[in-house]
Each structure stands twice: as structure tokens, then as C-alpha cells.
Amino acid sequence: MKPILNIAGLNAFIAGQQVIEDVSFSVPATGITALLGRNGVGKTSTIKAIIGLIGRTGTVELDGQRIEKEETHRIIRRGVGYVPEDREVFSKLTVAENLKLAERDAHPRRQLVEELFPDLVKRSGQLAGTLSGGQQQMVSLARALLNENKVLLIDEPTKGLAPKIVQEVADTLAQAAATVPILLVEQNLQVVRQLADGAVVLSGGRVAHTADSAADFLADEDLTRRLLGVHDDGAGAAAPAAGSGAGEPAPEVAR
Ligand SMILES: Nc1ncnc2c1ncn2[C@@H]1O[C@H](COP(=O)(O)OP(=O)(O)OP(=O)(O)O)[C@@H](O)[C@H]1O
């Protein structure tokens with residue numbers, strides 16, 4: 001099957017500094033592809049470069065069409081959903097208003113969202129700023145799922161959430177992935193193991209490893225210690241988050 005995203009030779013720059021270099025990988029048209037690596041290796045920058053939020057060179061194909069010369073709003077309208085790391089919600093608007101503002105299509109998928117997020121239905125009149133972090137994350141995900149997208153780019157959706165809520169978000173992502181392919185930045189390796197099909201691992205702004213099976217990658221102790229600074233044996237043992245300082249120091253970002 002043709003990949004939904006094909007990225008080749010992508011370089012990206014922030015304030016004149018190169019933050020990713022010659023990044024090439026593809027995202028299959030189904031399932032979840034994890035984008036992994038220690039803190040600061042360029043995961044968020046890669047996502048921002050794909051949708052043109054930061055300056056970039058190289059090629060990006062969405063469903064076989066080149067999009068790297070297009071502006072962000074056009075790329076989004078072509079069907080790229082973005083859920084940024086900070087799960088920004090409009091805090092003074094209700095849940096229902098937050099969702100309404102995200103509707104882009106003539107026929108937004110309200111029923112799907114109501115099925116996936118029953119708690120948000122119950123809280124539709126609540127101000128989004130009074131929701132817990134996990135509930136706000138659900139609003140962010142719901143906003144992306146309201147529209148028919150070709151792919152979702154989701155940045156660290158479980159960051160800072162309590163374990164029980166992490167599992168709820170992971171379950172929701174698994175259900176979402178049945179409807180749309182996802183490129184997922186995720187530091188929680190148990191979540192990666194549970195959700196991801198393939199994996200792309202960045203180090204120093206470059207692709208250091210790609211795996212058709214994220215589980216196989218995570219099972220490789222030497223490789224995960226080298227590239228993530230941690231090994232999670234899958235037994236639920238407390239393992240430091242990738243990039244938390246365990247293992248070798250993070251390599252220099254490519255300049
Ligand atoms: N606004 C910015 N101004 C200057 N440098 C930045 C900015 N944002 C990111 N960088 C730098 O770009 C590099 C890549 O950062 P990026 O956020 O893409 O990494 P990441 O892998 O997503 O990290 P994290 O896991 O911490 O989110 C880092 O060296 C970072 O310091």
C-alpha cells in the first residue's frame with residue numbers, strides 16, 4: 001500500500017539554526033507510526049516542518065502529492081490534522097464551543113466524536129479551562145477527529161498525565177487509529193509498545209533507525225539504550241522517560 005506521507009531529505013531551521021537534517025521516512029496509510037528519540041533530537045521540529053510551521057527544504061508527499069511548497073493552512077485543508085504538544089484549548093470557551101470552532105468540513109464527524117468521547121458529551125457546557133489535563137487532551141484529540149483527515153500528527157499526547165489517564169488517552173488513540181493513520185511522538189514506551197506499528201527514531205536531528213515493528217525495536221536493549229537512553233522491558237517496570245538523562249548524554253543536534 002502507498003504510504004500516506006513520504007518525507008525525503010527534509011531539513012528544517014529555527015531562527016537560522018538547522019534543527020533537523022536530511023530526514024527521510026514514510027508513514028504507512030494505516031496504523032500508528034511512532035516518532036521516537038531523546039529530548040531535543042528534533043521530533044517536534046519534524047512535525048512542524050511537515051506542515052510548514054518552520055522553514056524547511058526537502059520533499060513532503062501527502063497521498064502521492066508534493067506539499068512542501070504549500071503554506072500551512074493549505075496543508076491542513078488537504079487533510080493533515082495536528083495535535084500540538086501543549087494541548088491548547090480555549091479556556092474561557094465551553095467544551096462544545098471548543099469543538100464547534102474546530103469544525104472545518106461541511107459534515108463534521110460529530111457522531112464519531114460523541115462515541116469516542118462520552119465524557120466530553122457530559123461536559124459539553126463546562127469551560128475548557130476547568131478541565132483536567134487528561135480531559136483537555138481529549139478535547140484536543142476530538143478537535144482533530146471532527147474533520148476527515150488523511151493523517152494525524154500528534155505530539156506527546158500523554159505528557160504529564162497520571163498513569164490511569166495515560167491509559168485512557170492510549171485507548172482513545174487506538175480507536176482513533178482505526179479511522180485515520182497517525183504519526184505519534186510519544187515518550188512513554190509502554191504506550192508506544194501498546195499502540196505503534198512502526199517506528200522512526202531520531203538522534204541529533206537525523207534519522208538513526210527505522211523499524212517496521214516498534215515492538216521489535218523496543219525489545220532491542222542495546223539499540224534502545226543507545227538511541228533513547230533507556231530500556232523498557234515491557235514488564236511495567238518503572239523506567240525513566242526517554243531523554244530523562246539516563247544512559248549516554250544526548251548527542252548534539254545536527255547543525
Ligand atoms: N523556538 C526555538 N528556538 C530555538 N531553538 C529551538 C526552538 N524550538 C526548538 N529548538 C531547538 O531545536 C532542537 C529540536 O527541538 P525539538 O523540540 O524539535 O525536539 P524534540 O525531539 O521534539 O524534543 P522534546 O522531546 O523535548 O519535545 C533542539 O535543539 C531545540 O533546542
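Up top is the structure these notes are about.
This is a predicted model, so every value here is computed, not measured.

Peer 1: I tried to follow the overall build of the protein chain on my own but got confused; where do I start?
Peer 2: When its secondary structure is counted, the protein chain shows 10 helices and 10 strands. In summary, the protein chain has a C-alpha radius of gyration of 18 Å against a globular reference of 18 Å for 255 residues, a match within 12%. Per-residue burial for the protein chain yields a buried fraction of 41% across its 255 residues. Excluding contacts between residues fewer than 6 apart, the proportion of contacts in the protein chain whose partners are at least 24 apart in sequence is 68%.

Peer 1: What am I meant to see in the environment of Ile-14 here?
Peer 2: Locating Ile-14 in the fold gives a position in strand 1 (residues 5-14). Taking the C-alpha atoms as reference points, Ile-14 and Leu-161, 147 residues apart in sequence, are found 29 Å from one another.

Peer 1: I would appreciate a short explanation of unusual backbone geometry in the present structure.
Peer 2: As a rule of thumb, non-glycine residues mostly have phi less than zero, and peptide bonds are mostly trans rather than cis. At Asp-22, a position not held by glycine, the phi torsion is positive, near 50 degrees. Relative to the helices and strands, Asp-22 is located in strand 2 (residues 17-27). Phi angles above zero are rare outside glycine, and Asp-63 is one such case at about 50 degrees. Assignment of secondary structure puts Asp-63 in the loop between strand 4 (55-62) and strand 5 (65-66).

Peer 1: Please clarify how the sheet that holds strand 4 should be interpreted in this entry.
Peer 2: Sheet strands associate in pairs through backbone hydrogen bonding, adopting either a parallel or an antiparallel arrangement. If you trace the 4 strands from one edge of the open sheet to the other, you get 2-1-4-5, paired in antiparallel fashion. Edge positions in the open sheet fall to strand 2 and strand 5, since each of these has one partner strand only. Looking at chain direction, strand 1 and strand 4 are connected through 7 bridges and run antiparallel. Within strand 4, the residue paired with Phe-13 across the bridge is Gly-55.

Peer 1: It is not clear to me how the nonpolar core should be interpreted in this structure. Could you clarify?
Peer 2: A general tendency of soluble globular proteins is for nonpolar side chains to be buried together. In terms of nonpolar packing, the biggest core is built from 69 residues, with Ala-34, Ala-142, Leu-153, Ile-182, Leu-184, Val-192 and Ala-199 touching the most fellow members. Take this core: its biggest share by element is 6 residues, from helix 6 (residues 133-145). Ignoring any residue separated from it by four or fewer positions in sequence, one finds Ala-199 in contact with Thr-33, Ala-34, Leu-36, Ala-211, Ala-214 and Phe-217.

What counts and how
Residues numbered from 1 in each chain as written. Predicted model: local features only at pLDDT ≥ 70, side-chain atom pairs only at ≥ 80, totals over all residues. Helix = DSSP H or I, 4+ residues; strand = E, 2+ residues; numbered from the N terminus. Rg over C-alpha atoms; globule rule 2.2 N^0.38 Å. Buried ≥ 20, exposed ≤ 12 C-beta atoms within 10 Å, placed from the backbone. Contact = placed C-beta atoms within 7 Å. Pairing = 2+ DSSP bridges. Core = buried A, V, L, I, M, F, W, Y, C linked by C-beta atoms within 7 Å.

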